[in-house]
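Secondary and tertiary structure notes
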Number of protein chains: 2
Amino acid sequence: MTKGLKQRLIETGAPDLEKIEIALEHHLKPNLELVRQIASHLLFSGGKRLRPLLMIHSARLCGYRQGFEIQFSIIFEYLHAATLLHDDVVDGADIRRGKKAAHTKWSTPKVVLTGDFLLARALDIAAETREPDIIKVIAKITRDMSQGEIDQLSKKGKLDLSEQDYLEIIERKTAVLIQGACQSGAILAKAQKENEAALSRYGFHLGMAFQMADDLLDYTASAEVLGKNPGADMREGKLTLPLIHSLAQASPEDQTWMKEVITASEFKSDQFEQLKEKIIAYKGIDYTRDRAQDHVKKAKACLRGFEDCPSKEFLSLMAEYAIERKV
Amino acid sequence: MTKGLKQRLIETGAPDLEKIEIALEHHLKPNLELVRQIASHLLFSGGKRLRPLLMIHSARLCGYRQGFEIQFSIIFEYLHAATLLHDDVVDGADIRRGKKAAHTKWSTPKVVLTGDFLLARALDIAAETREPDIIKVIAKITRDMSQGEIDQLSKKGKLDLSEQDYLEIIERKTAVLIQGACQSGAILAKAQKENEAALSRYGFHLGMAFQMADDLLDYTASAEVLGKNPGADMREGKLTLPLIHSLAQASPEDQTWMKEVITASEFKSDQFEQLKEKIIAYKGIDYTRDRAQDHVKKAKACLRGFEDCPSKEFLSLMAEYAIERKV
């Protein structure tokens, strides 16, 4: 089933992917080879181009036929990469997509500036759309993401994070960008306001489902598949829904034990296995999967008003893929 | 003379300044007190609001009467502050406007993210202008400034920096932003293309003159007036025009001695005085002042085609002030 889904997604996405890659390379050609190196590290290491594809198919679903959707779609890949670069500086995270984070390989200043440069390229292309509402969307994305990061920074290591706190964090960390990509596609197509709103909501729910699925994988996937150690978020002091839910459900004794493990400066792999067992026992995995599934359902419901077409099928498949994927 | 000039500038600028301050505070009101603190540090410590004032008077000079010029002008103060924050991270500079640089007081991540947040606010307001060409200008500013910083980073400590290298650095570091503020004023006023181009050129020359004057002050002003130690740029390995010109003119012996002083890990204050004497002897100060004066003349020439009005007078006075100021 999963492979079939992935296969169908790849087949639907493939005709555009090559053009996306070309556009991504093309707009990255500054005079500064260094910028290319640092940015390529994130931009050309096997990304799925999820955000560009979402903008492209949102535009087409709303009847856009001017032919610039691919060129404009890379705005959201550049924004994504810029965010990842600044995140790496913020997190001090040392593994990203199985490779060393940029700032451990290069200096913090260069990483910060390359992030700024990518943001500037995104803006450049956004200005070419000549749609002020797309600029508004990008401004909102940038604002929410930086505010969210600042917020998350201040909550790092907090053990009493509520589910509501978590939802706000992942909305700003992940959902606003995916939402913005879908909404911008609709704006580009000069869609009716209700269709723009429907695609914006679709993107929001898809983004929430994606992040929840990501947070699940941090507990359920193997290091080889994940390209980084499972439990990495927790090790960085970031509590995600599987753990938050389990902590809330746990007996006082288990709660105490779990908090000790979480806050320990280091722990052995068998402790992580024991923690996983607790999370499974307290339904942290099931609960998170259910919430992600809710968002997938809501995302698909947002597509109902649109006529059947390949782009609608792509967006629908993408919603299912959000929680079916294994990496 | 200088005091009279400054006084006249203040009188012309004053009616708008209060409104600029209010707008700056207003748009900085997020829920996150922390952001306000870090940003306020740069935004509310006695800045002259040069960039907002330039946009305001450029718009008015082109006949803009819609009344939103002040609200929009703060785009360029936010951009300026965002740049300063990221610069501080890049430079490791520890004194800015006589106060400690933000990142020594707060963590690098917070400073980076606050810079991102300010940039996002600037974009938000820019989107409200609904002028895609203003977005284009902002994209260019962001791109040039980050590229320039990256470039400067790779040239740090280079002793064979040419005058041409220097001109490219200060254009991207300072002139593009001031140029962009002036050009955006013209775009907001829907000025004729030739007037937009004239104000863009005016801003370019003004920016070049300003930066050259800044670089002069680094050698001519006292620590008390400057709010930081003179020679700070050189101590950070940044060669500016007074030194570049003098090095090119110096005898082989003096050149060797000067390079030794510049590259020394630390030097005593009398060595800096001796270096200053060499720079004076080799006309580094005079030459830089002449080049700055050239830019002031060119800036003023760009205003010729416009009818006399208070805004024209303001811009003209500003050009003179660029090199007359003592701090």
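A quick note: this is a predicted structure, and the numbers were derived from the prediction, not measured.

1. Concerning the overall build of chain A
A count of helical and extended segments in chain A gives 16 helices and two strands. For chain A, buried positions account for 60% of its 327 residues. Restricting the contact set of chain A to residue pairs at least 6 apart, pairs at least 24 apart contribute 75%.

2. Regarding the packing of aromatic side chains
Residues and elements named next belong to chain A. Following the criterion strictly, the structure yields six aromatic pairs over all chains and no others. When the centroid spacing of 6.1 Å and the interplanar angle of 20° are considered together, the rings of Y219 and F272 count as stacked. In this pair, Y219 sits in helix α9 (residues 193-220) while F272 sits in helix α14 (residues 269-281), placing the two residues 53 residues apart along the sequence. In this structure Y219 comes out as buried when scored by relative accessible area, which is 1%. Across the ring face of Y287, the terminal group of R291 is positioned such that the distance to the ring centre comes to 4.6 Å.

3. Looking at the pattern of salt bridges
Enumeration according to the criterion identifies 32 salt bridges over all chains in this entry. Where K140 of chain A meets D144 of chain A, a salt bridge forms, and the shortest distance between an N and an O atom there is 2.8 Å. Taken together, the positions of K140 of chain A and D144 of chain A, both in helix α7 (residues 132-155) and four residues apart, correspond to about one turn of that helix. A salt bridge links E77 of chain B to R49 of chain B, with the shortest nitrogen-to-oxygen separation between them at 3.0 Å.

4. A look at the interface of chain B and chain A
If you look at the interface, chain B gives 39 residues, while chain A gives 39 residues. Summed over both sides, the interface between chain B and chain A buries roughly 3600 Å², with carbon and sulfur atoms accounting for 75% of that surface. Between chain B and chain A we count four salt bridges in total. Between D124 of chain B and R143 of chain A there is a salt bridge, and its shortest N-O distance comes to 2.5 Å.

5. A short note on helix α16 (residues 310-324) of chain B
With 15 residues, α16 of chain B ought to run about 21 Å at 1.5 Å a step, and its terminal C-alpha atoms sit 20 Å apart, in line with that. Three or more residues of α16 of chain B are buried, namely S311, K312, F314, L315, S316, L317, M318, A319, Y321 and A322 of chain B.

6. Focus: the relation of the copies chain B and chain A
You can overlay chain B on chain A at an RMSD of 0.0 Å; the transform is a turn of 180° with a shift of 0.0 Å along its axis. Within this description, the copies of the chain are treated as partners about a two-fold rotation axis. Scanning chain B for the C-alpha nearest the rotation axis identifies P132 of chain B, at a separation of 3.2 Å. In this assembly the copies share their binding face: 100% of the residues contributing to the interface of chain B also contribute to that of chain A.

7. Here we look at unusual backbone geometry
All names here are of chain B. Phi is positive for R49, which is not a glycine, with a value near 60°. The phi torsion at K190 lies on the positive side, around 50°, for a residue other than glycine. Residue placement: K190 occurs in the loop between α8 (163-188) and α9 (193-220).

8. Quick look at the side chain of E77 of chain A
Residue position: E77 of chain A is located in helix α4 (residues 69-91). Of note is the side chain of E77 of chain A, whose polar atom sits 3.0 Å from the side chain of R49 of chain A.

9. Describing the packing of helix α4 (residues 69-91) of chain B against helix α6 (residues 108-129) of chain B
Residues and elements named next belong to chain B. Where α4 meets α6, the closest approach of the two axes is 8 Å, and the angle between their N-to-C directions is 160°. By the criterion of interaxial angle, the relationship of α4 to α6 is roughly antiparallel. Between α4 and α6 lies a crossing of left-handed hand. Looking at side-chain class alone, the contact of α4 with α6 contains 16 nonpolar, six polar and three charged residues.

10. Thoughts on the nonpolar core
Of all hydrophobic cores here, the largest spans 144 residues; its most connected members are Y202 and M318 of chain A together with L199, Y202 and M318 of chain B. If sequence neighbours within four positions are ignored, M318 of chain B has contacts with L9, L50, L54, Y202, L206 and F210 of chain B. In this structure, M208, I244, L247 and I279 of chain A belong to the second largest nonpolar core, which totals 27 residues.

11. Considering the packing of α7 of chain A against helix α8 (residues 163-188) of chain A
For any two helices packed against each other, the geometry is given by the interaxial angle and the distance between the axes. Residue and element names in this part refer to chain A. With their axes 9 Å apart at the nearest point, α7 and α8 run at an angle of 170° to one another. Between α7 and α8, the angle is such that the two are roughly antiparallel. From α7, D133, I134, V137, K140, I141, D144, M145, Q147, G148, D151, Q152 and K155 reach across to α8, where they touch D165, I169, R172, K173, V176, L177, G180, Q183, S184, I187 and L188. Partitioning the contact of α7 with α8 into residue classes produces nine nonpolar, six polar and eight charged.

12. Things to note about the state of the cysteines
Residues and elements named next belong to chain A. All chains considered together, the criterion is met by zero disulfides over all chains. There is no disulfide at C309, and the cysteine sulfur nearest it, in C62, is 9.4 Å away. We classify C309 as partly exposed; its relative accessible area is 28%.

13. Focus on the side chain of S146 of chain A
Here S146 of chain A lies in helix α7. Looking at S146 of chain A, the relative accessible area reads 4%, which means it is buried. Within the structure, S146 of chain A has its side chain in polar contact with the backbone oxygen of R143 of chain A (distance 3.1 Å). With near-sequence residues (within four places) excluded, S146 of chain A lies in contact with L113, D116 and F117 of chain B.

14. Observations regarding the environment of L153 of chain B
Mapped onto the fold, L153 of chain B is located in helix α7 (residues 132-155). On a C-alpha basis, the gap between L153 of chain B and A322 of chain B in space is 26 Å, while along the polypeptide they are 169 residues apart. Discounting chain neighbours no more than four positions away, the residues touching L153 of chain B are P109, K110 and L113 of chain A together with V90 of chain B.

15. Quick word on the confidence of the model for chain A
In low-pLDDT segments, the atomic positions of the prediction should not be examined closely. When pLDDT is averaged across chain A, the result is 86; 87% of the residues are at 70 or more. Interface scoring of the predicted complex returns ipTM 0.83; its pTM is 0.87.

16. Notes on the environment of K173 of chain B
All names here are of chain B. Tracing the sequence through the fold places K173 in helix α8. Accessibility expressed as a relative area gives 28% for K173, which makes it partly exposed. With 29 residues separating them in the primary sequence, K173 and D144 have C-alpha atoms 7.9 Å apart.

What counts as what
Residue positions are counted from 1 within each chain, in the order its sequence is given. Chains and ligands are labelled sequentially in the order written, the chains with letters from A and the ligands with numbers from 1. Per-residue local features of the predicted model are confined to residues with pLDDT of at least 70, and side-chain atom pairs are confined, for both listing and counting, to 80 or more; whole-chain, interface and lining totals are unaffected and use all residues. Hydrogens and water molecules were not included; the side-chain quantities draw on all heavy atoms of the structure. Helix and strand labels come from DSSP, where a helix needs a run of H or I of at least four residues and a strand needs a run of E of at least two; each type is numbered from the N terminus. Three labels apply to residues, based on accessible area from a 1.4 Å probe with only protein chains included: buried if under 20% of the type maximum, exposed if over 50%, partly exposed otherwise in between. Note on definitions: a residue-residue contact is assigned when non-hydrogen atoms from the two residues lie within 4.5 Å. Each pair of aromatic rings taken from Phe, Tyr and Trp, with Trp reduced to its six-membered ring, is defined by centres within 6.5 Å and is described as stacked if the planes are under 30 degrees apart, edge-to-face if over 60, and tilted in the remaining cases. By definition here, charges over rings are those cases where NZ of Lys or CZ of Arg is within 6 Å of the ring centre and within 35 degrees of the ring normal. Each salt bridge in this description consists of a side-chain nitrogen of Lys or Arg and a carboxyl oxygen of Asp or Glu lying within 4 Å of one another. Buried area: the sum, over both parts, of the accessible surface (1.4 Å probe) that disappears when the two are put together. One less than the residue count of a helix, multiplied by 1.5 Å, gives the span that helix is expected to have. Least squares is the method used to superpose the copies, on C-alpha atoms of residues holding a pLDDT of at least 70 in both. As used in this structure description, the phrase polar contact means that two N or O atoms lie within 3.5 Å; if the pair is within protein, one of them must be able to donate a hydrogen and the other to accept it, and residues adjacent in sequence are counted only when both atoms belong to side chains. Note on method: axes are straight lines fitted to C-alpha atoms, helices fitted across the in-contact stretch only, with angles between N-to-C directions ranging 0 to 180 degrees. Oblique is the label for any angle not under 35 degrees, not over 145, and not in the 65 to 115 range, which are roughly parallel, roughly antiparallel and roughly perpendicular in turn. Each crossing gets its handedness from the near helix: less than a right angle anticlockwise from the far helix is left-handed, clockwise is right-handed. Residues are grouped as follows: nonpolar covers Ala, Val, Leu, Ile, Met, Phe, Trp, Tyr, Cys and Pro; charged covers Asp, Glu, Lys and Arg; every other residue, Gly included, is treated as polar. Only buried Ala, Val, Leu, Ile, Met, Phe, Trp, Tyr and Cys residues count toward a nonpolar core, and they belong to the same one when joined by side-chain atoms within 4.5 Å. Put simply, a disulfide is two cysteine sulfurs that come within 2.5 Å. The predictor's confidence in any single residue is recorded as pLDDT, a number from 0 to 100.

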